[in-house]
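The residues making up each chain are set out below.
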Amino acid sequence: MKVFEIQNQFGIENLKLAERPQPKAGAGEVLVKIKAVSLNYRDYLTIIGQYNPRYKLPLIPGSDGAGEIVEIGTGVSNFKVGDRVIGVFAPKWKSGIPDFDQLRTTLGGPLDGTMTEYRIFSEDGVVLMPDHLSYEEASTLPCAALTAWSALAVESKINPGDNVVVLGTGGVSIFALQFAKLMGANVIVTSSSNEKLQRAKELGADHVINYNEKPGWAKEVRKITQMVGADHIIEVGGAGTLEQSLKAIRLFGHISLIGVLAGGGSNNLNLFPILMQNIRIQGIIVGSKASLESMNRAISFHKIAAGKHFGKVCIKI
Ligand SMILES: NC(=O)c1ccc[n+]([C@@H]2O[C@H](COP(=O)([O-])OP(=O)(O)OC[C@H]3O[C@@H](n4cnc5c(N)ncnc54)[C@H](OP(=O)(O)O)[C@@H]3O)[C@@H](O)[C@H]2O)c1
């Protein structure tokens, strides 16, 4: 079978198409013909050696993937040949609070990922994908979508009418916009592109702000929220945007710290508001299998993410 693998050393120039032997499903395992893989910023960082330079090589990248079960091993009881499934990003993390090994054992490093024609999963390592989605759409769920779900539905509770700010229009953020709308929130989206902001409006964004035109976008959030501030912020920028997020959040508000896209940031970030305003900053790291299943139930019931998505790039295998 064909695979993409990072060969002897990290670097995009070392990502090569290679041949590996076709695997067979053993006891308790399923063989999945991968149909689609969606790209995450993490996959890029992994390939260039910045995510975890200690990952063993050669390594097949790819955190997300969807495909069809083509063979089942002995003792598999929950799946049959022909089932359409997605991989669980952290297959050992079933629910609740994981231990270090459960949290760190993830697809696309240190485990081989999804950029392969076939992949063996343990029976526990896949879940059925929502019926109404294509393979490409479903491949975006295990990492980006689950991260947004964990932020809004697991680690905090959004009430109808809450003001939620979503930074940018990447994969995580576009899912966060859709989930926050599902929960009845008033959603404010920021982007560097007016065209993308228009598309965010079509997906339900109530207010939009161009963060290039308004680098002090926290002021705009204050105006939109009658000076109160946002109840919740999906923070994918990290150090480079946290200062604005701290100015935009309300007293006792909740910031989900998810990404580092804006890098850098000032070295003298004022942390005082965090304590004086009782702000909760919650780190988010994807999510458990149980959360993936509850998110899929919500996506299936509300038929969301079908065809309208613009936050992800996918590869058909
Ligand atoms: N913690 C976790 O579990 C977890 C899981 C998944 C992802 N992540 C992290 O979360 C971040 C987002 O991941 P992703 O897959 O959604 O990335 P992505 O799809 O590559 O997101 C790219 C978008 O981010 C936006 N962006 C960049 N700089 C920004 C800034 N200064 N302010 C606001 N938006 C900005 C841009 O939106 P516009 O083009 O609209 O300006 C850009 O198009 C990454 O750092 C990733 O590593 C973390």
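Keep in mind that what you see is a predicted model, and the values were worked out from it rather than measured. Counting starts from 1 at the beginning of each chain's written sequence and moves along it residue by residue. Side-chain atom pairs in this predicted model are given and counted only at pLDDT of 80 or more, local residue features only at pLDDT of at least 70, and totals for whole chains, interfaces and linings cover all residues. The side-chain numbers reported here are obtained from all heavy atoms of the structure, hydrogens and water having been left aside.

A. Fine view of the domain arrangement of the chain. Segmentation of the chain into domains returns domain 1 (2-142 + 305-316) and domain 2 (156-283). Of note, the centres of domain 1 and domain 2, computed from C-alpha atoms alone, are 30 Å apart. Two residues qualify as a contact provided that any one of their heavy atoms is within 4.5 Å of a heavy atom in the partner residue. Counting from both sides, the interface comprises nine residues of domain 1 and, opposite them, 11 residues of domain 2. When domain 1 packs against domain 2, close to 880 Å² is buried across both sides, 74% of that on carbon and sulfur atoms. Should a side-chain nitrogen of Lys or Arg be within 4 Å of a carboxyl oxygen of Asp or Glu, the pair is scored as a salt bridge. Counting across the domain 1 and domain 2 interface gives zero salt bridges. As used in this structure description, the phrase polar contact means that two N or O atoms lie within 3.5 Å; if the pair is within protein, one of them must be able to donate a hydrogen and the other to accept it, and residues adjacent in sequence are counted only when both atoms belong to side chains. One can count zero residue pairs in polar contact (both at pLDDT 80 or more) joining domain 1 with domain 2. Side-chain classes follow a simple rule in which Ala, Val, Leu, Ile, Met, Phe, Trp, Tyr, Cys and Pro form the nonpolar group, Asp, Glu, Lys and Arg form the charged group, and the remainder, Gly included, forms the polar group. The residue inventory of the side of domain 1 that touches domain 2, partitioned by class, reads four nonpolar, three polar and two charged. The split into domains, and so the bounds of each, comes from an automatic or database assignment of domains. Put simply, buried area is the surface a 1.4 Å probe can reach on two separate parts but cannot reach once they are joined, added for both.

B. Just helix α4 (residues 141-154), in detail. Strands are runs of DSSP state E lasting at least 2 residues, helices are runs of H or I lasting at least 4, and numbering of each runs from the N terminus. Helix span, as expected, comes to 1.5 Å for every residue beyond the first. Counted at 1.5 Å a residue, the expected span for α4 with its 14 residues is 20 Å, but the 16 Å between its end C-alpha atoms falls short. A bend of about 25° at T147 is the largest found in α4. Summarising burial for α4: 13 of the 14 residues are buried, a large majority. Bending is quantified residue by residue as the angle between axes fitted to the seven-residue window ending at that residue and the seven-residue window starting at it. Burial here depends on accessible area, computed with a 1.4 Å probe over protein chains only, as a share of the maximum for the residue type. Under 20% is buried, over 50% is exposed, and the range in between is partly exposed.

C. Focus on the packing of helix α7 (residues 217-224) against helix α8 (residues 239-248). Every axis corresponds to a line fitted to the C-alpha atoms, with the helix fit spanning only the stretch in contact, and the corresponding angles, defined between N-to-C directions, vary from 0 to 180 degrees. Running from N to C, α7 and α8 point in directions that differ by 20°, and their axes come no closer than 8 Å. Between α7 and α8, the angle falls in the class roughly parallel. Pair α7 / α8 crosses with right-handed handedness. Residue-level contacts link W217, A218, V221 and R222 of α7 to T241, Q244, S245, K247 and A248 of α8. When its residues are assigned to classes, the contact of α7 with α8 shows four nonpolar, three polar and two charged. Angle categories are assigned with fixed cut-offs, so that under 35 degrees is roughly parallel, over 145 is roughly antiparallel, 65 to 115 is roughly perpendicular, and the rest are oblique. Helix crossings are classified by the rotation of the near helix relative to the far one: an anticlockwise turn of less than a right angle makes the crossing left-handed, while a clockwise turn makes it right-handed.

D. Fine view of the environment of I234. Here I234 shows up in strand β11 (residues 230-235). Look at I234 and you get buried, because its relative accessible area is 0%. Separated by 23 residues in the primary sequence, I234 and L257 place their C-alpha atoms 6.9 Å from one another. In this view, I234 contacts A151, L152, V165, V166, L167, A176, S256 and I258; residues no more than four positions away in its chain are not counted.

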